[in-house]
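Understanding the architecture of this molecule
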Amino acid sequence: MSNKMWGGRFASAPDRVMEEINASIGFDYKLALQDIEGSKAHVSMLAATGIVPVADAEAIAAGLDEIRREIETEKFTFSRALEDIHMNIEARLSELIGPAAGRLHTARSRNDQVALDFRLYTRDTIDTLDLQLRDLQQALAEKALAHAGTIMPGFTHLQVAQPVTFGHHLLAYVEMLSRDRGRLADARARLNECPLGAAALAGTSFPIDRFATAKALGFEKPTGNSLDSVADRDFVLETLAAASIAAVHLSRLAEEIVLWVTPQFGFVALSDKFTTGSSIMPQKRNPDAAELVRGKTGRIFGALNALLVVMKGLPLAYSKDMQEDKEGTFDALQSLSLCLAAMTGMVRDLEPDVARMKAAAGSGFSTATDLADWLVRTLKLPFREAHHVTGRLVARAAEKTVGLEDLSLAEMRDVEPRIDESIYTVLGVENSVASRTSFGGTAPENVRAQAQGWLDRLEK
Ligand code: ARG
């Protein structure tokens, strides 16, 4: 049998390998609902402009609704011989309503059709991801509010640096996720132009109304250049870039969870819901979900990189290379969605070990900066000199293997004679965090206000 869609020019069927390499139905079936939505908007415009008879347009729309039901109830049979989702649906339409089905493809090509379907899919997915990012922000902000005063070590170089609060640490991710949402919103705003009506590449001689289809499909306006409409995939690249950056953020939080649940850190515990055991070592509690969030980052970056490479050398307009835009994108965006769900679950689930975190916060002379600041404030030492004096006190404490707060006043005065009793008020981790009241700083009162502010904004 020669091909249904272009049988006029072809006498025989494609080679088996030709069919195999050419077919995209194995993955673009995911665009079925978008394809139907686009076709319905197209055919109603064709009727309104008098390009196809109203009766045929109505039969087509009813047939498309029937096909949607078949797909939703899993009664639709996808066929590889029909190559892709567009031809699968059109072929079924002609089975259902007969020759009138042939009018649907007037003033349209699969090139603008697939560009449309993929934009609709990407737009829908951005909306879902935005909701999920919001949920994760909310989970983080709630935990942050509950732990606005829970003290933990803040790290630089993964060395204990200065005490911070757990709430403050969690809110750092709320900020990152807010920028992730902003990037997705930017991508969405730019992609929100309708390519339908660009036809194969040059536009069409039929008196179509591109503004009507754009409006019906929720787009801002039609795309301005027919070649660009069918030839670019920057809307996907941008979405994948935003997804990749979000994945970086999730991966870093995942890595921290992996560290925090180790017996060595012991900062947080995950319940059995988010932990797996080992088949051989009965004592093990593994944070597999966090590891997978970290691990799936690879395929998300991979999809971005793959599509950049696919697109970089293509002359305008459409080339079949572009069919390679889909699988990686579906996989990447679905993976990000799953990672967001898993991360939200873990954040809600995890419980910090408050005492353990606080003890760790005091280790490694983490209040040395507070001591230096005290010398500057109280003794009016220049900061560099205060740094030096503090360094010598740290060396003393290290020699004796005690904390700074355990040095006696006499020992301190040995290094700097003007030091008095009041120095001890800045040495505890509580004093340290409470004093960080600068805007954006870690003081519990700041953190409480920030967390509450986020929760109020996220409600809206
Ligand atoms: N399945 C194709 C794709 O995903 C649809 C467009 C086909 N266009 C063409 N001129 N062969 O890119």
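Heads up: the structure comes first, above all this text.
Notes on the structure in this doc start here. Please read all numbers here as calculations on a predicted model, not as lab measurements.

1. With respect to the overall build of the chain
A count of helices and strands for the chain gives 18 helices and 6 strands. For 460 residues, the compact-globule estimate of 2.2 N^0.38 gives 23 Å, and the chain exceeds it by more than 25% at 31 Å. Counting only C-alpha atoms, the chain reaches 100 × 50 × 40 Å along its principal axes. Buried residues in the chain amount to 49% of all 460 residues. Summarising the internal contacts of the chain: among those between residues at least 6 apart in sequence, 75% fall at separations of at least 24. Computed over 51 positive and 62 negative side-chain charges, the separation of the two mean positions in the chain equals 1 Å.

2. Here we look at a nonpolar patch on the surface
Taken together, Met5, Trp6 and Phe10 make up a surface patch of nonpolar side chains, about 260 Å² in accessible area. Relative to the elements of secondary structure, phenylalanine 10 occurs in the segment before helix H1 (16-22).

3. Observations concerning the site of the ligand
Around the ligand sit Ser24, Asp28, Asp84, His86, Arg110, Asn111, Val114, Tyr318, Gln323 and Lys326, and that is every residue in its neighbourhood. One nitrogen or oxygen atom from the side chain of tyrosine 318 is found 2.4 Å from an oxygen atom belonging to the ligand. Contact between the ligand and lysine 326: an oxygen atom at 2.4 Å from a side-chain N or O atom of the residue. Here the shell around the ligand takes 3 residues from helix H6 (residues 110-146), the largest share from any one element. Each residue belonging to the shell around the ligand can be placed in one class, and the counts come to 2 nonpolar, 4 polar and 4 charged.

4. Here we look at the packing of aromatic side chains
Within this structure, the stated rule accounts for 9 aromatic pairs. Aromatic side chains phenylalanine 118 and phenylalanine 235 sit 6.1 Å apart centroid to centroid with 75° between the ring planes, which places their arrangement in the edge-to-face category. With phenylalanine 118 in helix H6 and phenylalanine 235 in helix H10 (residues 234-260), the pair connects residues that are 117 residues apart, well separated along the chain. On the numbers, 6.1 Å between centres and 85° between planes, the contact of phenylalanine 118 with phenylalanine 330 is edge-to-face. A residue pair is termed long-range when its members are at least 10 positions apart, and phenylalanine 118 in helix H6 and phenylalanine 330 in helix H12 (residues 326-349) qualify at 212 residues.

5. Some details on the packing of H6 against helix H7 (residues 166-191)
Contact geometry for H6 and H7: axes closest at 9 Å, N-to-C directions at 165°. Considering the angle they form, H6 stands roughly antiparallel to H7. Where H6 crosses over H7, the handedness of that crossing is left-handed. A class-by-class count of the residues in the contact of H6 with H7 yields 15 nonpolar, 4 polar and 10 charged.

6. Some points on the pairing of strand S1 (residues 151-156)
When S1 meets strand S2 (residues 159-165), the two strands line up antiparallel, connected through 6 bridges. Directly across from isoleucine 151, in S2, lies its bridge partner threonine 165. The hairpin turn running from S1 into S2, its antiparallel successor, is 2 residues long, and histidine 157 in that turn takes a positive phi close to 55°.

7. Some points on the side chain of glutamate 83
Considering the arrangement of structural elements, one finds glutamate 83 in the loop between helix H4 (54-72) and helix H5 (85-97). With relative accessibility at 5%, the residue glutamate 83 sits in the buried group. Engagement of the side chain of glutamate 83 in a polar contact is seen with the side chain of asparagine 22, the distance being 3.2 Å. Once you skip the residues sitting within four places of it in the chain, glutamate 83 turns out to touch Trp6, Asn22, Ala23, Ser24, Ile25, Asn88, Arg110 and Lys320.

8. Description of the pattern of salt bridges
Two side chains carrying opposite charge are able to pair once their charged atoms lie near each other. Enumeration over the complete set of coordinates arrives at 29 salt bridges. Close ionic contact of glutamate 83 with lysine 320 constitutes a salt bridge, the shortest N to O distance being 2.8 Å. Residue glutamate 83 is located in the loop between H4 and H5, and its partner lysine 320 is located in the loop between helix H11 (288-312) and H12; the two are separated by 237 residues in the primary sequence. Close ionic contact of arginine 190 with glutamate 238 constitutes a salt bridge, the shortest N to O distance being 2.4 Å.

9. Some words on the environment of methionine 322
Relative to the assigned elements, methionine 322 resides in the loop between H11 and H12. For methionine 322, a relative accessible area of 0% translates into the label buried. For methionine 322, the residues in contact, after removing those within four places along its chain, are Val230, Ala231, Asp232, Arg233, Met311, Leu314 and Ala317.

10. Focus: the side chain of arginine 119
Mapped onto the elements of the fold, arginine 119 is located in helix H6. No salt bridge forms around the buried arginine 119; measuring N to O, its nearest opposite-charge neighbour aspartate 234 is 5.4 Å away. Leaving out residues up to four positions away in the same chain, arginine 119 has contacts with Arg190, Leu191, Glu193, Pro195, Phe219, Thr223 and Phe235.

11. Let's talk about helix H13 (residues 354-362)
Along H13, the residues that are buried comprise Met357, Ala360 and Ala361. The arc that holds the buried residues of H13, viewed along the axis, is 105°, so those residues lie on one side. Exposed side of H13, more than 90 degrees from the buried face: Ala355 and Ala359 are the residues found there. Next to the buried residues of H13 lie S1, S2, H7, strand S5 (268-269), strand S6 (351-352) and helix H17 (429-435). Positive phi shows up at glycine 364, right after H13, with a value of about 70°.

12. So, the packing of H6 against helix H18 (residues 444-459)
Contact geometry for H6 and H18: axes closest at 9 Å, N-to-C directions at 150°. It follows that H6 is roughly antiparallel to H18 by the angle criterion. Of the two elements, H6 crosses H18, and the hand of that crossing is left-handed. Across the interface between the two elements, Arg134, Gln137, Gln138, Ala141, Glu142, Ala144 and Leu145 of H6 pack against Val447, Arg448, Ala451, Gln452, Trp454, Leu455, Leu458 and Glu459 of H18. Considered class by class, the residues forming the contact of H6 with H18 number 8 nonpolar, 3 polar and 4 charged.

13. Points about the nonpolar core
Leu140, Leu250, Leu336 and Met343 are the most contacted members of the largest nonpolar core, which totals 91 residues. Among the elements that take part in this core, H10 stands out by supplying 14 residues, more than any other. In contact with methionine 343, not counting residues within four places along its chain, are Leu136, Leu250, Leu253, Ala254, Ile257 and Val293.

Scoring rules and cut-offs
- The residue count restarts for each chain, going from 1 along the sequence in the order it is written.
- Given that the model is predicted, a residue must reach a pLDDT of at least 70 before its local features are reported, and side-chain atom pairs must reach 80 or more before they are shown or counted; all residues, however, enter totals for whole chains, interfaces and linings.
- No hydrogens and no water enter the side-chain calculation; it runs on all heavy atoms of the structure.
- Numbering of helices and strands runs from the N terminus, with a helix taken as a DSSP run of H or I at least four residues long and a strand as a DSSP run of E at least two residues long.
- Both definitions apply: the radius of gyration is a C-alpha atom measure, and the globule rule equals 2.2 Å times residues to the power 0.38.
- Exposure categories follow from relative accessible area, calculated using a 1.4 Å probe and restricted to protein chains: below 20% of the type maximum is buried, above 50% is exposed, and the middle band is partly exposed.
- By definition, residues are in contact when any of their heavy atoms lie within 4.5 Å.
- Neither His nor the chain termini are counted; the positive set is Lys and Arg, and the negative set is Asp and Glu.
- Positions of charges follow a simple convention, taking NZ of Lys, CZ of Arg, CG of Asp or CD of Glu.
- Exposure above 30% relative accessible area and the lack of any salt bridge qualify a residue for a patch; like charges then connect within 9 Å, and the nonpolar side chains Val, Leu, Ile, Met, Phe, Trp and Tyr within 5 Å.
- Here, Shrake-Rupley sampling with a 1.4 Å probe gives the accessible areas, and only protein chains in the shown set may cover a residue.
- Take a side-chain nitrogen of Lys or Arg and a carboxyl oxygen of Asp or Glu: if they are within 4 Å of each other, that pair is a salt bridge.
- Near, as used in this document, describes a residue that has one of its heavy atoms within 4 Å of the molecule or strand being considered.
- In the analysis that follows, any N or O atom pair within 3.5 Å is treated as a polar contact, provided that within protein one partner can donate a hydrogen and the other can accept it, and provided that, for residues neighboring in sequence, both atoms belong to side chains.
- Classes in brief: Ala, Val, Leu, Ile, Met, Phe, Trp, Tyr, Cys and Pro nonpolar; Asp, Glu, Lys and Arg charged; the others, Gly included, polar.
- When the centres of two rings from Phe, Tyr and Trp lie within 6.5 Å, Trp using its six-membered ring, the rings pair. Their planes under 30 degrees apart give stacked, over 60 give edge-to-face, and anything left gives tilted.
- Throughout, an axis means a line fitted to C-alpha atoms (over the contacting stretch in the case of helices), and angles, computed between N-to-C directions, take values from 0 to 180 degrees.
- Roughly parallel refers to an angle under 35 degrees, roughly antiparallel to one over 145, roughly perpendicular to one between 65 and 115, and oblique to any angle outside these ranges.
- Each helix crossing is assigned a hand: it is left-handed if the near helix lies turned anticlockwise from the far helix by less than a right angle, otherwise right-handed if that turn is clockwise.
- If DSSP finds at least two bridges between two strands, the strands pair.
- Note that the arc is computed from the directions linking the helix axis to the C-beta atoms.
- Side-chain atoms within 4.5 Å link the members of a nonpolar core, which is a set of buried Ala, Val, Leu, Ile, Met, Phe, Trp, Tyr and Cys residues.

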